[in-house]
Amino acid sequence: EAGVAQSPRYKIIEKRQSVAFWCNPISGHATLYWYQQILGQGPKLLIQFQNNGVVDDSQLPKDRFSAERLKGVDSTLKIQPAKLEDSAVYLCASSSHRGLKNEQFFGPGTRLTVL
Amino acid sequence: SQQGEEDPQALSIQEGENATMNCSYKTSINNLQWYRQNSGRGLVHLILIRSNEREKHSGRLRVTLDTSKKSSSLLITASRAADTASYFCATKKEAAGNKLTFGGGTRVLVKP
């Protein structure tokens, strides 16, 4: 079974520029998550989708971050404009059903450096 | 804010020794999960313990949960160099969908 795919793996941009990350979850997984992991910390949930609907985006900085999952499969996370403090690894995860005690499967992440 | 807080933040042991790390959390949970993260394989689910369970085993892993103290421990027995990684606890709150809240992690170094 293929895992969660993310691209790009690495991205370096200057502050105030825009950047987008892409995630392809495990086939059939209805729930998709985006996490931000700052160096030395645990992952922090940014947004959770159930199919193409948003379940939780309470920790998403909506003035600069946006995410979509238009067809309920792939998802993109965008930052516009980026700030220095956005430097982190952005992890995408998926799980098979919301509400059940299912584990989440994580992709390799995109390491973003904002200069 | 982090729901779980791991202790210690870092741990260095010799191969063959046991490694124990602890996690404390603040609110009622549905279950608690432990994940491992290393550069080679990313973040990987290790074990899940439900709020009505007190102990669970999986291979060389042993997890305990004390809901009265809002704490959990992860024990890795007979550690190997390949166990070198960061270990995170993650809590799933009651009535919170499948949302997980991660702690800050324990960085474990197993020296050969």
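Asks: Explanation requested: the pattern of salt bridges in the structure shown.
Replies: A side chain of one charge can pair with a side chain of the opposite charge when the charged atoms of the two come close. On inspection of all chains with the given rule, the structure shows 6 salt bridges over all chains. Put simply, A:K62 and A:D57 hold a salt bridge, and the shortest N to O gap is 3.7 Å. With a relative accessible area of 26%, A:D57 lands in the partly exposed category. Residue B:R60 pairs with B:D83 through a salt bridge whose shortest N-O separation is 2.9 Å. With B:R60 in the loop between β6 (55-58) and β7 (61-66) and B:D83 in the loop between β8 (71-76) and β9 (85-93), this residue pair connects regions lying 23 residues apart in the sequence.

Asks: Looking at this model, I keep getting lost on the state of the cysteines. Mind explaining?
Replies: Here a disulfide denotes a covalent bond joining the sulfur atom of one cysteine to the sulfur atom of another. As enumerated under the stated definition, the model contains 2 disulfides over all chains in all. Each sulfur in the disulfide pair A:C23 and A:C92 lies 1.9 Å from the other. Residues A:C23 and A:C92 share a disulfide whose torsion about the S-S bond is about -70°; that sign makes it left-handed. You can see A:C23 sitting in strand β3 (residues 19-24) and its partner A:C92 sitting in strand β9 (residues 88-95), a full 69 residues away along the chain. With a relative accessible area of 0%, A:C23 lands in the buried category. In this model B:C23 forms its disulfide with B:C89; the gap between the sulfur atoms is 2.0 Å. Every disulfide takes its handedness from the sign of the S-S torsion; for B:C23 and B:C89 that torsion is 65°, giving right-handed. Of this pair, B:C23 sits in strand β3 (residues 19-24) while B:C89 sits in strand β9, and the two are 66 residues apart along the sequence. Accessibility expressed as a relative area gives 2% for B:C23, which makes it buried.

Definitions and cut-offs
Residues numbered from 1 in each chain as written. Chains lettered and ligands numbered in written order. Predicted model: local features only at pLDDT ≥ 70, side-chain atom pairs only at ≥ 80, totals over all residues. Heavy atoms only, no water. Salt bridge = Lys/Arg side-chain N within 4 Å of Asp/Glu carboxyl O. Buried < 20%, exposed > 50% of the residue type's maximum accessible area, 1.4 Å probe, protein only. Helix = DSSP H or I, 4+ residues; strand = E, 2+ residues; numbered from the N terminus. Disulfide = S-S within 2.5 Å.

No statement about biological role is implied by the geometric values presented.
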